[in-house]
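Each chain, letter by letter, is given below.
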Amino acid sequence: MTRAAHPEAMAPPKKGPTRTAPPQIPGSWWGAPRIRTYLLFGATGVVYFLAGTVVLHLVWALGKGPDAWAKVMDDLSHPLYLAFHALTLISVLFVGIRAFGTMMPKMQPRGGPLPVLAPGLVRGLIYSAWAALTLVFSLILAGKI
Amino acid sequence: MKHLLLKLEPVIWLLFGAGLSVGTMLLTGFVLVVGLAIPMGLVPSEALDYERAHALASNGFGRLVLLGLIALPLWKGAHHVRSLSVDFNGGDRDGVVGVLLYTAAALCSLIAIVAVVRL
């Protein structure tokens, strides 16, 4: 007759220090494609923060009067501002596609009163709202509405 | 400091989430037109001359949109930079880094409120 061995049957009589190496993060952890995308997503925070301060600068100038407004609008033609705004646009599109297209369709509350929609439908709804808001806002700012 | 950040976590996440979603939606059109199209001459600069820009911005809805355009990206930025700092430096200095970033976002948000009120 055999029977199941006691789970501690092979344990040493006294507990000793473990001989396994302590866990270490590999030096190339940030190089994995999935992690790189995640880190880029986090790095857009720097761009967003600066973009917020640029808009604050514009609004402050608008409050100061026509001369300050004209100067700040002229300043926007500087190559550094153009490069920063191009980077901001890329960041905003990256964040939008990752957040609206990938993350939010999976983040629907489950078990609540609302039905869980198909991810494609959620993606389509959010993208449509984003496109519509961008179109209307752009037309207003461009003086077409 | 860490204790305070943990207490404020729901508010911070609310502002971060709003910055990620509403901030992204608002910034796209703004950067496209004000940051790129007007300076590059694709849209005439008269579209946002002082009178028109002031008229658009100084009503209640305009002020609210501008406040969102300033404050929400700031909070999204502060929270994401904090998480990036934790990724690279670990959590040892998270309390100090978090407080510094959120204080900067809060101060700029307060200045933004003043800026939109005085329009």
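Residues numbered from 1 in each chain as written. Chains lettered and ligands numbered in written order. Predicted model: local features only at pLDDT ≥ 70, side-chain atom pairs only at ≥ 80, totals over all residues. Heavy atoms only, no water.

So, on to the confidence of the model for chain B. Of all residues in chain B, 100% attain a pLDDT of 70 or more, and the chain-wide mean is 94. In the model output, the complex is listed with pTM 0.88 alongside ipTM 0.95. (pLDDT = per-residue confidence, 0-100.)

Moving on: the packing of helix H1 (residues 33-64) of chain A against helix H3 (residues 79-103) of chain A. All names here are of chain A. It is at 9 Å that the axes of H1 and H3 come closest, and there the two elements cross at 130°. Taken together, H1 and H3 sit at an angle that is classed as oblique. Considering how the two elements wind past one another, H1 and H3 form a crossing that is left-handed. Two secondary-structure elements touch here, H1 through Thr37, Tyr38, Leu40, Phe41, Thr44, Val47, Tyr48, Leu50, Ala51, Val54 and His57 and H3 through Tyr81, Phe84, His85, Leu87, Thr88, Ser91, Val92, Phe94, Val95, Arg98 and Met103. When grouped by side-chain class, the residues that make up the contact of H1 with H3 number 15 nonpolar, six polar and one charged. (Axes fitted to C-alpha atoms, helices over the stretch in contact; angles between N-to-C directions. Helix = DSSP H or I, 4+ residues; strand = E, 2+ residues; numbered from the N terminus. Parallel < 35°, antiparallel > 145°, perpendicular 65-115°, else oblique. Left-handed = near helix turned anticlockwise from the far one by under 90°. Contact = heavy atoms within 4.5 Å. Nonpolar A, V, L, I, M, F, W, Y, C, P; charged D, E, K, R; others polar.)

So, about the environment of leucine 139 of chain A. All names here are of chain A. Positionally, leucine 139 belongs in helix H4 (residues 119-141). A residue is classified by how much of its surface remains accessible, and leucine 139, at 31% relative accessible area, is partly exposed. Each C-alpha atom of the pair leucine 139 and leucine 87 lies 22 Å from the other, and the pair is 52 residues apart in sequence. When residues no more than four places from it in sequence are discounted, the contact partners of leucine 139 are Lys144 and Ile145. (Buried < 20%, exposed > 50% of the residue type's maximum accessible area, 1.4 Å probe, protein only.)

Moving on, we get to the packing of helix H1 (residues 2-37) of chain B against helix H4 (residues 94-117) of chain B. The relative placement of two packed helices comes down to the angle between their axes together with the axis-to-axis distance. Residue and element names in this part refer to chain B. With their axes 10 Å apart at the nearest point, H1 and H4 run at an angle of 45° to one another. Comparing their axes, H4 and H1 come out oblique. In the crossing of H1 with H4, the sense of the turn from one axis to the other is left-handed. Together, Lys2, Leu5 and Ile12 of H1 and Asp94, Gly95, Gly98, Val99 and Tyr102 of H4 make up the contact between the two elements. For the contact of H1 with H4, the per-class residue count stands at four nonpolar, two polar and two charged.

Attention shifts here to helix H2 (residues 66-75) of chain A. Residue and element names in this part refer to chain A. Within H2, burial applies to Trp69, Val72 and Met73. One face of H2 carries all of its buried residues, which in axial projection span an arc of 100°. In H2, the exposed positions that point more than 90 degrees away from the buried face belong to Asp67, Lys71 and Asp74. (Arc of directions from axis to C-beta.)

Take the interface of chain B and chain A next. Of the residues lining the interface, 54 residues belong to chain B; the matching set on chain A comes to 52 residues. Interface of chain B and chain A: buried area, both sides summed, is about 4,500 Å²; carbon and sulfur atoms make up 81% of it. Counting the surface chain B buries against chain A, the share from its top three residues, Met25, Tyr50 and Arg118 of chain B, is 15%. Linking chain B with chain A are nine residue pairs in polar contact (both at pLDDT 80 or more). Class assignment of the residues belonging to the side of chain B that touches chain A gives a composition of 40 nonpolar, nine polar and five charged. (Buried area = accessible area lost by both parts, 1.4 Å probe. Polar contact = N/O pair within 3.5 Å; in protein donor to acceptor, adjacent residues only side chain to side chain.)

This brings us to the pattern of salt bridges. All chains considered together, the criterion is met by three salt bridges over all chains. Across the salt bridge formed by aspartate 75 of chain A and lysine 71 of chain A, the nearest N and O atoms sit 3.1 Å from each other. Of the two residues, aspartate 75 of chain A and lysine 71 of chain A both sit in helix H2, four residues apart, roughly one turn of that helix. For aspartate 75 of chain A, a relative accessible area of 27% puts it in the partly exposed group. Between arginine 82 of chain B and aspartate 94 of chain B there is a salt bridge, with its nearest N and O atoms 2.9 Å apart. Residue arginine 82 of chain B is located in helix H3 (residues 60-89), and its partner aspartate 94 of chain B is located in helix H4; the two are separated by twelve residues in the primary sequence. For the pair arginine 82 of chain B and aspartate 94 of chain B, a shared accessibility class is recorded, and that class is buried. Connected via shared salt-bridge partners are Glu9, Arg82 and Asp94 of chain B. (Salt bridge = Lys/Arg side-chain N within 4 Å of Asp/Glu carboxyl O.)

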